[in-house]
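# Coordinate inspection notes
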Amino acid sequence: MNDLLRIPCVLMRGGTSKGPFFLASDLPADPQQRDQILLSVMGSGHPLQIDGIGGGNPVTSKVAIVGPATVPGADVDYLFAQVRIDQQMVDTSPNCGNMLAAVGPFAIEAGLVRTTGAVTRVRIHNVNTGKLIEAEVPTPDGRVAYLGDASIDGVPGHAAPIALTFMDAAGARTGKLFPTGQAREIIDGIDVTCIDCAMPMMILEAASIGATGYESAAELNADRALLERLEKLRLQAGQRMGMGDVRTQVTPKPVLISKPKAGGDLNVRYFMPHQCHPSLATTGAVGIATACISDATVASRLIAGRRLPVNLVLEHPSGRLEVKLESRNGTTVAGLLRTARRLFEGQVFAKPVAQMVCAA
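Keep in mind it's a predicted model, so treat the numbers as computed, not measured.

Another aspect to go through is the overall build of the protein. Scanning the protein from N- to C-terminus turns up 8 helices and 17 strands. The C-alpha radius of gyration computed for the protein amounts to 20 Å, which stays within 12% of the reference 21 Å derived for 360 residues, consistent with globular compactness. Along the longest, intermediate and shortest principal axes, the C-alpha atoms of the protein span 60 × 50 × 35 Å. Looking at the protein residue by residue over its 360 residues, the buried ones come to 54%. In the protein, 62% of the contacts between residues at least 6 apart in sequence involve partners at least 24 apart. When the accessible surface of the protein is totalled, it reaches about 15,000 Å², and 50% of it is carbon and sulfur. The averaged location of the 33 negative side-chain charges in the protein is 2 Å from the averaged location of its 34 positive side-chain charges.

In structure tokens, the structure reads:
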């Protein structure tokens, strides 16, 4: 017995990300109180998140909140929270497709969705964007299978495959595929594409800001001048996209692209936004692939002649990620293969909200 809050929690890896999963009913309904608890759980405000379970990196400082569906056609609701590491901030404006890979297995094991055979389709309503994503979860013998032969770059070993289909990702945040009204424009002398598809992003050629695009994530993170230049461009892109002052938001995400070197279709360096992703965000891959097939974008200028249906292989610092794009009833849908794993279940401890408010 102690004076901390005790909250049921499951730690899961989804794709190349990792974080705690909560049932919505186990957290406060009030967003401010909920966010205060998440900051305490993750240990934000310290680079190592030493007083919480966060891993000191944006890809391990993520939270998934899952509950019964609140919209027709969905099985569950999924709210994603990006918890800042060095600041007391929680951003629920973006989606996270990697964490999304673990939502289906979590929902099934939490009793929110019943299995329907060897594979169970879970229709997920992403509360952040209002979009619907389908996940096909292996469930032989009526239980979730995590072991299998599938592999994804950025995660060691093999696991059971989870197929994700983004049903209509365009305009996830702003309501428009190209929020500025242009497929390509100039910001501070740099050609950029501002696109909102699964994730709001600002795409530019790496060479346009003095990079090769083939640097490691660590090399890019050490280049302070490049990071500062990207941030200045990002802030202007956010204004142009109608998102206002984005200094306290993690979107739009900057993306550097260049020609492929390892047999893929495009080379990518994706930022989160102030650090380079060690691999590639799933939502980012959907948006980048969509930019590749859209006329007049920075990406389509680099990778010409791609039309639906198409499979695009995106090279990233840890390997490759393949995106399948096709048209269904006049809408572009994107499919990707991810894996997930249940890591730990039990209870996580947080400081009481009243104490955190008083301390602030």
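Having put the structure on the table, let's press on.
Residue position: Ser-258 is located in strand E12 (residues 253-258). You can call Ser-258 buried: its relative accessible area is 7%. When sequence neighbours within four positions are dropped, the list of residues in contact with Ser-258 reads Thr-212, Gly-213, Tyr-214, Leu-266, Asn-267 and Leu-302.

Helix length check: helix H1 (residues 31-42) (12 residues) gives 16 Å between terminal C-alpha atoms against 16 Å at 1.5 Å per residue, within 8%. All buried positions along H1 are accounted for by Arg-34, Asp-35, Ile-37, Leu-38, Leu-39, Ser-40, Val-41 and Met-42. You can read the cap of H1 off the contacts: a side-chain oxygen lies 3.2 Å from the backbone nitrogen of Gln-32, and it is on Asp-30. After H1 finishes, the residue Gly-43 shows a positive phi value of roughly 80 degrees.

Attention now goes to the pairing of strand E2 (residues 17-23). Counting buried residues along E2, 5 of its 7 residues qualify, which places the element largely inside the surrounding structure. Sheet topology note: the strand E1 (residues 5-14)/E2 ladder contains 5 bridges and is antiparallel. Counted as the bridge partner of Val-10 is Phe-21 from E2. What sits between the antiparallel neighbours E1 and E2 is a turn of 2 residues, in which Gly-15 has the positive phi angle 60 degrees. The β-α-β motif built from E2, the intervening H1 and the parallel element strand E3 (residues 62-68) has right-handed crossover chirality.

Thresholds, definitions, all that
- Residues numbered from 1 in each chain as written.
- Predicted model: local features only at pLDDT ≥ 70, side-chain atom pairs only at ≥ 80, totals over all residues.
- Heavy atoms only, no water.
- Helix = DSSP H or I, 4+ residues; strand = E, 2+ residues; numbered from the N terminus.
- Rg over C-alpha atoms; globule rule 2.2 N^0.38 Å.
- Buried < 20%, exposed > 50% of the residue type's maximum accessible area, 1.4 Å probe, protein only.
- Contact = heavy atoms within 4.5 Å.
- Areas by Shrake-Rupley, 256 points an atom, 1.4 Å probe, with all protein chains shown as cover.
- Lys, Arg positive; Asp, Glu negative; His and termini not counted.
- Charge placed at Lys NZ, Arg CZ, Asp CG, Glu CD.
- Expected span 1.5 Å × (residues − 1).
- Polar contact = N/O pair within 3.5 Å; in protein donor to acceptor, adjacent residues only side chain to side chain.
- Pairing = 2+ DSSP bridges.
- Right-handed = clockwise from strand over helix to strand, strands pointing away.

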